[in-house]
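Survey of secondary and tertiary structure
So the chains spell out like this:
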Amino acid sequence: MEYQIKAPSKLQASIQLPASKSISNRALILHALSYSAYDIVNLSDCDDTKVMVNALNSDGRDFDIKAAGTAMRFLTAFLSKIVGEWTITGTERMKNRPIKLLVDALNSLGARIEYIEKEGYPPLRIFGSALQGGEISLSGGISSQYISALLMVAPLMEKGLTIHLEGNIISRPYIQLTLQLMEQFGVKANWSGQTIKVLPQEYKPVPFTVESDWSAASYWYQMAALNKDAEIELLGLFKNSLQGDSAVAGLFTQLGITTSYTNKGVLLKKNGNRCTKFNHNFVNEPDLAQTFVVTCVLLNVHFRFSGLQSLKIKETDRIEALCNELRKLGYLIHVEGNSVMEWNGERCEPMDHPVINTYEDHRMAMAFAPVALALPQGICIADPEVVSKSYPNFWNDLLKAGFEIKD
Ligand SMILES: O=C(O)C1=C[C@@H](OP(=O)(O)O)[C@@H](O)[C@H](O)C1
Ligand SMILES: C=C(OP(=O)(O)O)C(=O)O
């Protein structure tokens, strides 16, 4: 399937954003570990959360978490402390997203996890038992999800857990998010320098409400920046958010968008001020990178974005996907090593009727849909259903905002 998307001339909308999948998937693990009888309020209905709910409520032993990185990593740690024999698998892409560091760490803490197919990758066979815990060293530079997964089960290990993080720590706000949510469920940890320590403790059941998703908000910031005239209200966001991607509000001031906070969420307004060169290190907000790369080229804002090393092992190789699809629109992006993308206005001949491929990546579809605002003929997006990974209502929300969508 393909969607042909055309933009309205004036963008005026009030959007109920989806709930954060990062918070939802942590809350589900912490809810289970605290044997909570409370309902989680405003749980996401996205694919990545559904697979987690299904696994946690299942009577079976074999779980398919499809494309959900958080579910794969968090459940691997969770299942290794539940007595029984389990298998966990996912999509073909998931079978190529590395998990060795987490498996090695869990095995050294008393778990028994084996690879069913390829060494270092899902699917896994997990023999769950009590975990002794102790002290480990772990690279902080591949995926913070390994660290979050270990931390959430750490208080239930016999000796607790001390993690010495080695090297550069990527996606740090997601580790902070994990520790903050653990604290809401009654567990304290200590993070000092490169070391995080969690003593044996019990989780306490608490009522819990999930915030709206700041990563999803980024596409609405992008639309506001790309349209001449925009007034957008995004509901369910807070200024003091637990999510690192709330940095999007500050970052978009450089692209001419100001944010004001109301008691219901945020209002986006254009202020017309825009930088000419945008330099930023995305190591703390990797999920925002696609939004900014696409927005900047369309606004002719040159950029140098670093800290992108984790993009290669996400839903697709996002660096390659961005370069391929932007070339169709006439933009040539320069890639340096595996962590920098730079653009100083280099152009090529654009295709007459480009179709943007989405590579089974929700963020490719959502970051390219706003291109409709910049091209008179609109834009065509292939396999648009991918958005359900994190934002199932994305296309309905675009219709609500006045976009025309034809398949
Ligand atoms: O813990 C989380 O909820 C996430 C952590 C990040 O992954 P990495 O730590 O692999 O960068 C992020 O990209 C992902 O969308 C969600
Ligand atoms: C990278 C992402 O998800 P995950 O790693 O959890 O599959 C994402 O949502 O952008």
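Please read all numbers here as calculations on a predicted model, not as lab measurements. (Residues numbered from 1 in each chain as written. Chains lettered and ligands numbered in written order. Predicted model: local features only at pLDDT ≥ 70, side-chain atom pairs only at ≥ 80, totals over all residues. Heavy atoms only, no water.)

1. Notes on the site of ligand 1
For the record, the criterion: The nearness test applies per residue and asks whether one of its heavy atoms lies within 4 Å of the molecule or strand. Two N or O atoms count as a polar contact when they lie within 3.5 Å, although within protein this holds only if one can serve as hydrogen donor and the other as acceptor, and sequence-adjacent residues are included solely when both atoms are side-chain atoms. Areas reported as accessible are Shrake-Rupley estimates using a 1.4 Å probe. Residue values count occlusion only from the protein chains shown. Grid points spaced at 1 Å and placed over the protein atoms alone form the basis of the search, with a cavity being a set where a 1.4 Å probe fits but cannot get out and a pocket an open set showing protein on both sides within 12 Å along at least five of seven lines. Lining residues have an atom within 4 Å of a point. Cavities and pockets are treated as containing a molecule whenever more than half of the molecule's atoms lie within 2 Å of their grid points. Secondary structure is summarised from DSSP: a helix means a run of H or I of at least four residues, a strand means a run of E of at least two, and numbering begins at the N terminus for each. An automatic or database domain assignment is the source of the domain bounds shown.
What surrounds ligand 1 is a group of 13 residues, the closest being Ser 22, Arg 26, Ser 143, Ser 144 and Asp 287. Contact between ligand 1 and Ser 22: an oxygen atom at 2.6 Å from a side-chain N or O atom of the residue. At 2.7 Å from an oxygen atom of ligand 1 is found a side-chain nitrogen or oxygen belonging to Ser 143. The protein chains hide 95% of the 380 Å² of surface that ligand 1 would expose on its own. Taking a 2 Å distance to the grid points as the criterion, the majority of the atoms of ligand 1 fall inside the largest cavity. When residues in the shell around ligand 1 are grouped by element, the largest group, three residues, is from helix α1 (residues 21-33). Residue contributions to the shell around ligand 1 reach at least three from each of two domains, namely domain 1 (2-18 + 212-406) and domain 2 (21-209).

2. Topic: the UniProt feature "binding site: phosphoenolpyruvate" (unreviewed entry) in the protein chain
Put simply, the rule is: UniProt positions are given in the numbering used here, feature names are shortened, and annotations may be inferred rather than shown by experiment. Between buried and exposed lies partly exposed: a residue is buried under 20% and exposed over 50% of the maximum accessible area for its type, with that area taken using a 1.4 Å probe on protein chains only. Contact criterion: two residues are considered in contact whenever any of their non-hydrogen atoms come within 4.5 Å of each other.
Within the UniProt annotation, "binding site: phosphoenolpyruvate" (unreviewed entry) is assigned to Lys 21, Gly 69, Arg 97, Gln 145, Arg 318, Arg 363 and Lys 389. The annotated residues that sit in the lining of the largest cavity are Lys 21, Gly 69, Arg 97, Gln 145, Arg 318, Arg 363 and Lys 389. Turning to its location among the elements, Lys 21 is positioned in helix α1. Within the secondary structure layout, Arg 318 lies in helix α10 (residues 318-328). Overall, the relative accessible area of 1% leaves Arg 318 in the buried class. Filtering out sequence-adjacent residues up to four positions away, Arg 318 remains in contact with Asp 287, Gln 290, Leu 311, Asp 361, His 362 and Arg 363.

3. Some remarks on the confidence of the model for the protein chain
Rules: For every residue, the predictor assigns a confidence score, pLDDT, that lies between 0 and 100.
In this model, the protein chain carries a mean pLDDT of 97, and residues with pLDDT of at least 70 account for 100%. What the predictor reports for the complex is a pTM of 0.98 with an ipTM of 0.99.

4. Considering the site of ligand 2
The immediate surroundings of ligand 2 are formed by 14 residues, with Lys 21, Gly 69, Arg 97, Arg 363 and Lys 389 found nearest. A distance of 2.8 Å separates an oxygen atom of ligand 2 from a polar atom in the backbone of Gly 69. Within the side chain of Lys 389, one N or O atom sits 2.7 Å away from an oxygen atom of ligand 2. In the complex, the protein chains occlude 98% of the 290 Å² of accessible area that ligand 2 would expose alone. Going through the elements one at a time, α3 (69-79) and α11 (362-368) are the ones with two or more residues in the shell around ligand 2. Viewed by domain, the shell around ligand 2 spans two of them, domain 1 (2-18 + 212-406) and domain 2 (21-209), each represented by three or more residues.

5. Thoughts on the environment of Met 341
Within the element layout of this structure, Met 341 appears in strand β19 (residues 340-343). Once the C-alpha coordinates of Met 341 and Glu 233 are considered, the two residues, 108 residues apart in sequence, prove to be 31 Å apart.

6. Details of empty space enclosed by the protein
This is how it is decided: Grid points are joined across faces, edges and corners, and a volume is the space filled by probe spheres set on the points. Put simply, Ala, Val, Leu, Ile, Met, Phe, Trp, Tyr, Cys and Pro go in the nonpolar bin, Asp, Glu, Lys and Arg in the charged bin, and everything else, Gly too, in the polar bin.
Following the criterion strictly, the structure yields three cavities of 30 Å³ or more and no others. Within this model, the largest cavity holds a volume of roughly 280 Å³. Along the wall of the largest cavity there are 26 residues; nearest its centre are Thr 70, Arg 97, Gln 145, Asp 287 and Lys 314. At the level of elements, α1, α3, α5 (144-153) and α11 are the ones that each hand at least two residues to the lining of the largest cavity. Residues lining the lining of the largest cavity come from more than one domain, with at least three contributed by each of domain 1 (2-18 + 212-406) and domain 2 (21-209). Along the wall of the second largest cavity there are 15 residues; nearest its centre are Ser 22, Tyr 174, Asp 213, Ser 215 and Gln 243. When contributions to the lining of the second largest cavity are tallied by element, the ones reaching two or more residues are α1 and α6 (172-184). Considering only residue class, the lining of the second largest cavity consists of four nonpolar, six polar and five charged. Composition of the lining of the second largest cavity by domain shows at least three residues from each of domain 1 (2-18 + 212-406) and domain 2 (21-209).

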